[in-house]
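# An overview of the molecular structure
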Amino acid sequence: MYRLNVKKFGFALGLTGALIYLGCMIVMATAGQGGSITFFNSLVHGLDVTSIIRMDVPLWEAGLGIVQIFILGWLIGACIAAFYNAQIKNK
């Protein structure tokens, strides 16, 4: 079996999370409150996000969120790769 590069896998997962976060930002900016509620309600299979959705997110807060998602994604990806590599039997 092949070993995963921990840093590259972590970066890939972090970047994927950041892109998903950016997509969420684009949906909220373009669809408005009603469209965003409809979109996210359909994603969470019946949960109603009407009472928790917030449209007045400052730009600095959104920027901080994308950085946090990237860091968490990197850490999670690095852990997954490290755990995967630890399970590979060396020949």
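Please read these numbers as outputs of a predicted model, since none were measured by experiment.

UniProt annotation of "transmembrane region" (unreviewed entry) refers to residues 12–31 and 65–86 when read in the numbering used here. Across residues 12–31, helical content stands at 100% and strand content at 0%; the span's end C-alpha atoms are separated by 28 Å. Taken end to end, residues 65–86 is 100% helix and 0% strand, and its two terminal C-alpha atoms sit 31 Å from one another.

Inspection of the secondary structure assignment puts N85 in helix α2 (residues 59–87). Polar side-chain contacts of N85 include one of 2.7 Å to the backbone oxygen of L4. The contacts of N85, once residues within four sequence positions are left out, are R3, L4 and V6.

As a further point, take the environment of K89. Looking at the secondary structure, you find K89 in the segment after α2. Each C-alpha atom, one on K89 and one on I53, is 47 Å from the other, the two residues being 36 residues apart in sequence.

Tallying each qualifying case throughout the model produces 2 aromatic pairs. Seen in terms of ring centroids, F11 and F70 are 5.7 Å apart; in terms of plane orientation they differ by 80°. Their pairing is edge-to-face. With F11 in helix α1 (residues 6–43) and F70 in helix α2, this pair connects stretches of sequence that are 59 residues apart. Owing to a relative accessible area of 44%, F11 belongs among the partly exposed residues under this scheme. Take F70: its relative accessible area is 26%, and that puts it in the partly exposed class. Ring geometry for F39 versus F40: centroids 5.1 Å apart, planes at 80°, classification edge-to-face. A residue is classified by how much of its surface remains accessible, and F39, at 37% relative accessible area, is partly exposed. The exposure class assigned to F40 is buried, which follows from its relative accessible area of 15%.

Here is what the cut-offs are and how they apply
Residues numbered from 1 in each chain as written. Predicted model: local features only at pLDDT ≥ 70, side-chain atom pairs only at ≥ 80, totals over all residues. Heavy atoms only, no water. UniProt positions renumbered as here; feature names shortened; annotations may be inferred. Helix = DSSP H or I, 4+ residues; strand = E, 2+ residues; numbered from the N terminus. Polar contact = N/O pair within 3.5 Å; in protein donor to acceptor, adjacent residues only side chain to side chain. Contact = heavy atoms within 4.5 Å. Phe/Tyr/Trp six-rings, centres within 6.5 Å; stacked < 30°, edge-to-face > 60°. Buried < 20%, exposed > 50% of the residue type's maximum accessible area, 1.4 Å probe, protein only.

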